[in-house]
Amino acid sequence: MSEFDIRKIGGRIGAEVVGADVRDLSDQLFGEIHAALLEHKVLGFRGLDLTDDDQLAFASRFGALTGAHPTVPAVEGRREILPVDSESGRANHWHTDVTFVQSPPKISTLRGLVIPPYGGNTLIAHTAAAYQDLPDELREFADRLWAVHTNDYDYVRPESSGSDPEKAAEHRKAFVSQTWKTAHPVVRVHPESGERNLFIGGFAQSIVGLPGREGRTILDLLQSYVTRPENILRWVWQPGDLVVFDNRITQHYALDDYGNLPRLLHRVTVAGDVPAGVDGKASYRVEGDDASHYTPAAEAA
């Protein structure tokens, strides 16, 4: 019998883990949490008050860690921790983390440090449920599509009211200091569960083989299924919270609705594999290096 409870938050996505201390989990209990993550896609833990070391240790149980980000600086002295700081810009856009490289992270962990008294929630969407919602004809069409993902487009708004203009400009410059373009299947097969899901989001900017306008229209249509309300979990942050989500089968969005108040999270991500489509074909680089400085995951040439 488990020593903690896993309580569903939404009908399709998300659960809260109650009574678990991630600093002290046996292999068996960690296995139950891992299984729950595969089932619910997102797990939330309230009020754990972890340190950076605690977060790194827990995330590393899922596998080797990535660097903080391919281009954006890490927390000083902590190369695996990305500061998600409202002063540097606000990523109020649907996306899956770092899909512009060939091996995006498989799991993301977010820890709340400075939380505004209102607003600043994180929305997380279930992209496999979105795929299942597609009409049969559209699902079969999507199975054949490939999209080019790139960071040559800054999804972080530098003009946000609560951002420091100089810090936002520095972040923007760093974000695009090196660019990647990677072709991923629009429908990805999850490597553990076998579920098919819409692997698109903000970094997906075009459809392979289609003119830009037509590709954009198709991406917008598919994205509208991802962001249906029934596919979305809203996490209302409290200081000390930890949220873990499967980056291979979700998208997320940080709401910019807290004025000029500060908001700070620390993100740690776990290295992932090269995505594959329904035909087994793997993602491939279109432009840019192999990102080996960022992720230890092996990448195809």
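Residues numbered from 1 in each chain as written. Predicted model: local features only at pLDDT ≥ 70, side-chain atom pairs only at ≥ 80, totals over all residues. Heavy atoms only, no water.

Draft legend 1. Quick look at the environment of R90. Inspection of the secondary structure puts R90 in the loop between β4 (82-85) and β5 (107-114). For the pair formed by R90 and D256, sequence separation is 166 residues and the distance between their alpha carbons is 6.5 Å. (Helix = DSSP H or I, 4+ residues; strand = E, 2+ residues; numbered from the N terminus.)

Draft legend 2. The arrangement of helix α1 (residues 27-40) in detail. For α1, with 14 residues, the first-to-last C-alpha span of 20 Å sits near the 20 Å given by 1.5 Å per residue. For α1, the complete set of buried residues consists of L29, F30, I33, H34, A36, L37 and H40. Down the axis of α1, the sector holding all buried residues measures 160°, keeping them to one side. Exposed side of α1, more than 90 degrees from the buried face: D27, Q28 and E39 are the residues found there. In this fold, the buried residues of α1 make contact with β1 (5-8), β2 (15-18), β3 (42-45), α2 (52-60), β5 and β13 (242-246). (Expected span 1.5 Å × (residues − 1). Buried < 20%, exposed > 50% of the residue type's maximum accessible area, 1.4 Å probe, protein only. Arc of directions from axis to C-beta. Contact = heavy atoms within 4.5 Å.)

Draft legend 3. Seen up close, the pattern of salt bridges. Per the stated rule, a full pass over the model turns up 17 salt bridges. With a shortest N-O distance of 3.0 Å, R61 and D27 are connected by a salt bridge. Remark: D27 occurs in helix α1 and R61 occurs in the loop between α2 and β4; sequence separation between them is 34 residues. On the accessibility criterion, R61 (30% relative accessible area) is partly exposed. According to the relative accessible area criterion, D27 is exposed, its value standing at 65%. Between R248 and E192 there is a salt bridge, with the nearest N and O atoms lying 2.9 Å from each other. Within this pair, whereas R248 is found in the loop between β13 and β14 (250-254), its partner E192 is found in the loop between β9 (187-189) and β10 (196-198), the two being separated by 56 residues in sequence. Using a relative accessible area of 3% as the deciding quantity, one classes R248 as buried. For E192, a relative accessible area of 40% puts it in the partly exposed group. (Salt bridge = Lys/Arg side-chain N within 4 Å of Asp/Glu carboxyl O.)

Read these as spatial facts, not as claims about activity.
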